[in-house]
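Read off the chains here:
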Amino acid sequence: LADMWETSARLLQLLSLLQVRREWTGPELSARLEVSERTVRRDIDRLRALGYPVDATRGSVGGYRLASGADLPPLLLDDEEAVAIAVGLRTAARSPVTGIEEASARALVKLEQVMPARLRGRVSAVAASVVAIPPDAPAPAVDADLVAGLSLAVRDHEVLRFDYVAHGGEETMRRVEPVRLVVWGRRWYLVAWDLGRADWRTFRVDRIGHLWSPSGPRFTPRELLEDPVVWVARTVSAAGFRVRARLLVHAPASVVSQKISPAVGVVEAVDTDSCVLVTGADHLEAIAVYVGFLDADFEVLEPPELTAQVRELAERYVRAAGHG
């Protein structure tokens, strides 16, 4: 009986190892399980007999991996993984992606039903203790099937053709090479090379209509010269600026970049000791204030109205200092 219990425990440990990494060699599994490679082979055969699709790979030492399959038995999760999934499902249940709220809630109920009492307590504690600050405005709904279709096209490098409603309300047909989906704030964006404009574009997913070619011809991905998240942060924020400004900052670009989020400005090196900051805001007053936090001398290149605003602010500070 003791041997049977030990074997069962080892099979569960072996299955857990196969689930957390794509491929293991025989010697690696032998070392982790502290048994001989012959025992590992026997345990692999036992898993196969139980219906787990374990493939053997060829090579100098050989290896094993858990294949995907429609009838794959339930996953084995450790305590931290189970809690992480439960918290993620609670978050997904409040997601702006339509179609996954109910599915997330159902999955969470099933997961909590099979959780040990100690884990249910941890998940309940998180749910009772964490309060999300509601956004200023509700996030626009995004269709789950649309997100899935876009994701497949990104993964498989397939050209997409879809209807799109621009910021001004203009309806257009776009043909693009999708590169990445990015979630910024509470909105979803598609980064893609627009074949009609011959340039990179960022599309709000909630403004994408019918996918006319969800499985278009394959393409070789072009190189986006910056991180997709940085690209979206910069392009989305720049599009929302009411006023823009260019400033010559007398400090290295590397130093200024550490103080400026990509969401509010782009830093371009001039030489080793200076750079140009391209930024924007709702009001010139805001720019005049926050450039003071750069802790560096600067010159306003444009617009001239910002120069006047900086001068007015400086005079106010001088008057305040005189009363100290």
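Residues numbered from 1 in each chain as written. Predicted model: local features only at pLDDT ≥ 70, side-chain atom pairs only at ≥ 80, totals over all residues. Heavy atoms only, no water.

1. What to know about the packing of helix 4 (residues 79-92) against helix 6 (residues 117-129)
Line of reasoning, step 1. Packing of helix 4 against helix 6 leaves a shortest axis separation of 10 Å and a crossing angle of 35 degrees. Between helix 4 and helix 6 lies a crossing of right-handed hand. For the pair helix 4 and helix 6, the contacting residues are Asp-79, Ala-82, Val-83, Ala-86, Val-87 and Arg-90 in the first and Arg-118, Leu-119, Arg-122, Val-123, Val-126 and Ala-127 in the second.
Line of reasoning, step 2. Tallied by class, residues from the contact of helix 4 with helix 6 come to eight nonpolar, no polar and four charged. (Axes fitted to C-alpha atoms, helices over the stretch in contact; angles between N-to-C directions. Helix = DSSP H or I, 4+ residues; strand = E, 2+ residues; numbered from the N terminus. Left-handed = near helix turned anticlockwise from the far one by under 90°. Contact = heavy atoms within 4.5 Å. Nonpolar A, V, L, I, M, F, W, Y, C, P; charged D, E, K, R; others polar.)

2. Observations concerning the packing of aromatic side chains
Line of reasoning, step 1. Under the definition given, this model contains four aromatic pairs.
Line of reasoning, step 2. Between the aromatic rings of Phe-162 and Phe-203, the centroid separation amounts to 5.5 Å while the plane-to-plane angle is 85 degrees, which identifies the pairing as edge-to-face. In this pair, Phe-162 sits in strand 6 (residues 160-165) while Phe-203 sits in strand 9 (residues 199-204), placing the two residues 41 residues apart along the sequence. The pair Phe-162 / Phe-203 is uniform in exposure class, with both members buried.
Line of reasoning, step 3. An angle of 85 degrees between the planes, with centres 5.0 Å apart, marks the rings of Tyr-164 and Phe-203 as edge-to-face. Of this pair, Tyr-164 sits in strand 6 while Phe-203 sits in strand 9; the two residues are 39 residues apart in sequence, bridging distant segments of the chain. Grouping residues by exposure puts Tyr-164 and Phe-203 together as buried. (Phe/Tyr/Trp six-rings, centres within 6.5 Å; stacked < 30°, edge-to-face > 60°. Buried < 20%, exposed > 50% of the residue type's maximum accessible area, 1.4 Å probe, protein only.)

3. A short note on the nonpolar core
Line of reasoning, step 1. Within the largest apolar cluster, 20 residues are counted, with the highest numbers of intra-cluster contacts made by Leu-150, Phe-162, Leu-190, Phe-203, Val-205 and Ile-208.
Line of reasoning, step 2. Breaking this core down by element, the ones donating at least two residues are helix 7 (144-156), strand 6, strand 7 (171-184), strand 8 (187-194) and strand 10 (208-211).
Line of reasoning, step 3. The element that contributes the greatest number of residues to this core is helix 7, accounting for six residues.
Line of reasoning, step 4. Excluding its chain neighbours within four sequence positions, the residues that come into contact with Phe-203 are Phe-162, Tyr-164, Arg-174, Val-176, Trp-188, Tyr-189, Leu-190, Ala-192, Asp-194 and Ile-208.
Line of reasoning, step 5. Counting 17 residues, the second-largest nonpolar core is a separate cluster that includes Cys-275, Leu-277, Val-291 and Leu-294. (Core = buried A, V, L, I, M, F, W, Y, C linked by side-chain atoms within 4.5 Å.)

4. A word on the environment of Leu-190
Line of reasoning, step 1. Summarising the element assignment, Leu-190 is placed in strand 8.
Line of reasoning, step 2. With relative accessibility at 0%, the residue Leu-190 sits in the buried group.
Line of reasoning, step 3. Separated by eleven residues in the primary sequence, Leu-190 and Arg-201 place their C-alpha atoms 8.2 Å from one another.

5. Here we look at unusual backbone geometry
Line of reasoning, step 1. Across the junction of Glu-302 and Pro-303, the peptide omega takes the value 0 degrees, indicating a cis bond.
Line of reasoning, step 2. Turning to its location among the elements, Pro-303 is positioned in the loop between strand 14 (298-302) and helix 11 (304-322).
Line of reasoning, step 3. Positive phi outside glycine occurs at Glu-34, with the angle close to 60 degrees.
Line of reasoning, step 4. Secondary-structure assignment places Glu-34 in the loop between helix 2 (26-33) and helix 3 (37-49).
Line of reasoning, step 5. The backbone of Ala-198 sits at a positive phi, close to 55 degrees, despite the residue not being glycine.
Line of reasoning, step 6. Mapped onto the fold, Ala-198 is located in the loop between strand 8 and strand 9.

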